[in-house]
Amino acid sequence: MLKLRSGRTLYYGKGDVLTYRTYAAPLSVKPIPESAFTGDTNVIFAHNLTFAVSGETLLTSFSKGDNTQVVATDSMKNFILRQTADFEGSTTEGLLAFISKQFLSRYPHIDAIELSADRIPFHTLEVADGSDGLVDSSLVYRRSHNDHASASMKLVRDGEEGAAVIVEHECAITDLQLIKVSGSSFFGFVRDEYTTLPESYDRPLFIFLNIYWTYADIEHAVDAGSGQYVAAEHIRDITHNVFHEYKTPSIQFLIYQVGLRILTRFPQLAEVRFESNNRTWETVVDHTEEDAAAVYTEPRPPFGFQGFTLTREDLENEEASS
Ligand SMILES: O=c1[nH]c(=O)c2[nH]c(=O)[nH]c2[nH]1
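Residue numbers restart at each chain and count upward from 1, following the sequence in its written direction. Where local features are concerned, this predicted model is filtered to residues with pLDDT of at least 70; where side-chain atom pairs are given and counted, the filter is 80 or more; whole-chain, interface and lining totals use all residues. The basis for the side-chain values is all heavy atoms of the structure; hydrogens and waters are excluded.

As recorded in an unreviewed UniProt entry, the protein chain goes by the name Uricase, listed as coming from Paenibacillus algorifonticola. Listed in UniProt under the heading Pathway (unreviewed entry), the comment for the protein chain reads: "Purine metabolism; urate degradation; (S)-allantoin from urate: step 1/3." Its UniProt record gives the protein chain a comment under Function (unreviewed entry), which states: "Catalyzes the oxidation of uric acid to 5-hydroxyisourate, which is further processed to form (S)-allantoin." UniProt positions are given in the numbering used here, feature names are shortened, and annotations may be inferred rather than shown by experiment.

## What about the packing of aromatic side chains?
Here a Phe, Tyr or Trp ring, Trp counted by its six-membered ring, pairs with any other such ring whose centre lies within 6.5 Å, and the pair is stacked when the planes are under 30 degrees apart, edge-to-face when over 60, and tilted otherwise. Using the criterion set out here, one finds 14 aromatic pairs in the structure. An angle of 90° between the planes, with centres 5.4 Å apart, marks the rings of phenylalanine 206 and phenylalanine 208 as edge-to-face. Here the aromatic residues Phe51, Phe79, Phe103 and Tyr107 are joined through ring pairs into a cluster of three or more. Two conditions define a charge sitting above a ring: the NZ of Lys or the CZ of Arg must be within 6 Å of the ring centre, and it must be within 35 degrees of the ring normal. Geometry around tyrosine 212 places arginine 273 over its ring, the cationic atom sitting 4.0 Å from the centre. When the ring centre of phenylalanine 303 is taken as reference, the NZ or CZ atom of arginine 279 above it lies at 3.7 Å.

## What to know about the domain arrangement of the protein chain
By the assigned domains, the protein chain splits into domain 1 (12-170) and domain 2 (172-321). Using C-alpha coordinates to define each centre, domain 1 is positioned 28 Å away from domain 2. Here a residue-residue contact requires only that any non-hydrogen atoms of the pair lie within 4.5 Å. Contacts between the two partners involve 23 residues from domain 1, matched on the other side by 29 residues from domain 2. In this description, buried area is defined as the sum, over both parts, of the accessible area (probe of 1.4 Å) that is lost when the two are combined. Taken together, both faces of the contact between domain 1 and domain 2 bury some 2,300 Å²; the carbon and sulfur share is 57%. On the domain 1 side of the contact with domain 2, Glu34, His169 and Glu170 bury the most area, a combined 29% of that side's loss. Here, a salt bridge means any side-chain nitrogen of Lys or Arg that lies within 4 Å of a carboxyl oxygen of Asp or Glu. Taken together, the links from domain 1 to domain 2 amount to three salt bridges. Two N or O atoms form a polar contact when they lie within 3.5 Å of each other; inside protein one atom must be a possible hydrogen donor and the other a possible acceptor, and for residues adjacent in sequence the pair counts only when both atoms belong to side chains. Across the domain 1-domain 2 interface, the total number found is 12 residue pairs in polar contact (both at pLDDT 80 or more). Secondary structure elements are taken from DSSP: a helix is a run of H or I of four residues or more, a strand is a run of E of two residues or more, and numbering for both begins at the N terminus. Taken together, the elements giving at least two residues each to the side of domain 1 that touches domain 2 come down to helix H3 (92-106), strand S8 (148-158) and strand S9 (163-180). Either an automatic procedure or a domain database provided the assignment from which the domain bounds are taken.

## Let's talk about the UniProt feature "binding site: urate" (unreviewed entry) in the protein chain
In this structure's numbering, the residues bearing the UniProt feature "binding site: urate" (unreviewed entry) are Thr73, Asp74, Phe186, Arg203, Gln252 and Asn278. For this annotated set, covering 206 residues, the C-alpha atoms extend up to 51.6 Å from each other, a dispersed arrangement in space. Its location among the elements puts aspartate 74 in helix H2 (residues 73-86). A relative accessible area of 39% places aspartate 74 in the partly exposed class. Relative accessibility under 20% of the residue-type maximum defines a buried residue, over 50% an exposed one, and the middle range a partly exposed one, all with a 1.4 Å probe and only protein chains included.

## A closer look at helix H6 (residues 251-265)
To estimate the expected span of a helix, subtract one from its residue number and multiply by 1.5 Å. Across its 15 residues, H6 extends 21 Å between first and last C-alpha, which sits within 8% of the 21 Å expected from 1.5 Å per residue. Of all 15 residues in H6, 11 are buried; the element is thus mostly enclosed. Taken as a whole, H6 has its buried residues at Ile251, Leu254, Ile255, Tyr256, Gln257, Val258, Gly259, Leu260, Arg261, Ile262 and Leu263. For H6, the secondary structure elements touched by its buried residues are strand S10 (205-215), helix H5 (232-245), strand S11 (269-278), strand S14 (305-311) and helix H7 (312-321). Its side-chain oxygen at 3.4 Å from the backbone nitrogen of glutamine 252, serine 250 defines the N-terminal cap of H6.

## Observations regarding the sheet that holds S14
With antiparallel pairing, the eight strands of this open sheet are ordered in space as S1-S4-S5-S8-S9-S10-S11-S14. Each end of this open sheet is capped by a strand with a single partner; those strands are strand S1 (12-22) and S14. Going from strand to strand, the sheet's axes swing by 15° on average, the running direction of each strand aside. Sheet topology note: the S1/strand S4 (residues 44-54) ladder contains nine bridges and is antiparallel. What makes two strands pair is DSSP finding at least two bridges between them. Orientation is described by axes fitted as lines to C-alpha atoms, over the contacting stretch for helices, and by angles from 0 to 180 degrees between their N-to-C directions.

## Remarks on a nonpolar patch on the surface
Patch criteria: residues need more than 30% relative accessible area and no salt bridge. Like-charged residues are merged within 9 Å; nonpolar side chains of Val, Leu, Ile, Met, Phe, Trp and Tyr are merged within 5 Å. Note on areas: these come from Shrake-Rupley sampling with a 1.4 Å probe, and a residue is covered only by the protein chains present in the view. Taken together, Tyr23, Leu139 and Val140 make up a surface patch of nonpolar side chains, about 370 Å² in accessible area. By the element assignment, valine 140 lies in strand S7 (residues 134-143).

## Structural notes on the nonpolar core
Here, nonpolar core refers to any group of buried Ala, Val, Leu, Ile, Met, Phe, Trp, Tyr and Cys residues whose side-chain atoms link them within 4.5 Å. By size, the foremost hydrophobic cluster in this structure holds 70 residues, and its most contacted members are Phe103, Ile211, Trp213 and Ile262. Looking at this core element by element, the count peaks at eight residues for H6. Each of domain 1 (12-170) and domain 2 (172-321) accounts for three or more of the residues forming this core. Apart from residues no more than four positions distant in its own chain, isoleucine 262 is found in contact with Ile211, Ile235, Ile238, Leu269, Val272 and Phe274.

## Considerations on the pairing of S7
Pairing between strand S6 (residues 122-128) and S7: six bridges, direction antiparallel. Its bridge partner being in S7, histidine 123 is matched across the sheet by arginine 142. As consecutive antiparallel partners, S6 and S7 are separated by five residues, and within that stretch glycine 130 has a phi angle of approximately 90°, a positive value.

## Concerning the site of the ligand
In these notes, residues near a molecule or strand are those with any non-hydrogen atom within 4 Å of it. Near the ligand the following residues occur: Phe186, Leu197, Arg203, Ser250, Ile251, Gln252, Asn278 and Gln306. Take isoleucine 251: an N or O atom from its main chain is 2.8 Å from an oxygen atom of the ligand. Considered on its own, the ligand offers 290 Å² of accessible surface; in the complex 70% of this is hidden by protein.

Written as structure tokens, this is what we have:
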């Protein structure tokens, strides 16, 4: 939340700024065992941005209707779009940092910026290469409405020079929807006069998942040239793997294991946070010992959820106790 020195909340800005940048610098990341992802051509580097600013001198625009210091949100939108053309980096975090720093440099009376961007995913698709094979098209892409990466950050001026500094950030992959058809249980929970849920030893576990992570040094995300960038695709693929590998007694345990694996793979991350939602399919025709076939349907609301943060300390404690 953007606030003045007095503690008063003050901000204004623009949402849903759609920037379809083409031919951004390609991203390349170090491979990990859980994923085939090694980078992104960034031929389409598209985002939906939300951008908000704050500043002491903006107080009178609220209290007195004085617009002399107000950069119109329409101009903000134009600024964002024009600056996106000049961006030379390859990551969403880099784009956010670049636009904010340019804005703070252009408008000295702005003290702080809070902004976020959802990456709009466009995936490669295959076309015939003319000799019985298939190759990735370099021209036609498929818009995806599935899980996507995002990032948010807050920048303020710091020191005598008033240089822009990133003081908060969080990166994310949201809207993952994963089903594991067998190998998940939920039993041993409190049974009392309010309990109607039967114990389950093999349930079709369908989860909605958002995963958020922060770096020890955000510059590793801003400049992928550091070789320390953590791709959302890697976080996604680690999640797939851990879900596949573990027989889980609960979603709580599953997300803890995913968190440990993420922190193990990426020492450059400080923290990983989860928001999960239980969408376990409702059983209509159960499987038997002899027949694996079953029929399920959509669960009825209300839905359960979990939230959890793991830090490097959690990983160290796990390593020390194993
Ligand atoms: O993985 C689960 N965790 C819970 O806490 C819970 N509660 C519930 O009703 N089903 C589930 N599943």
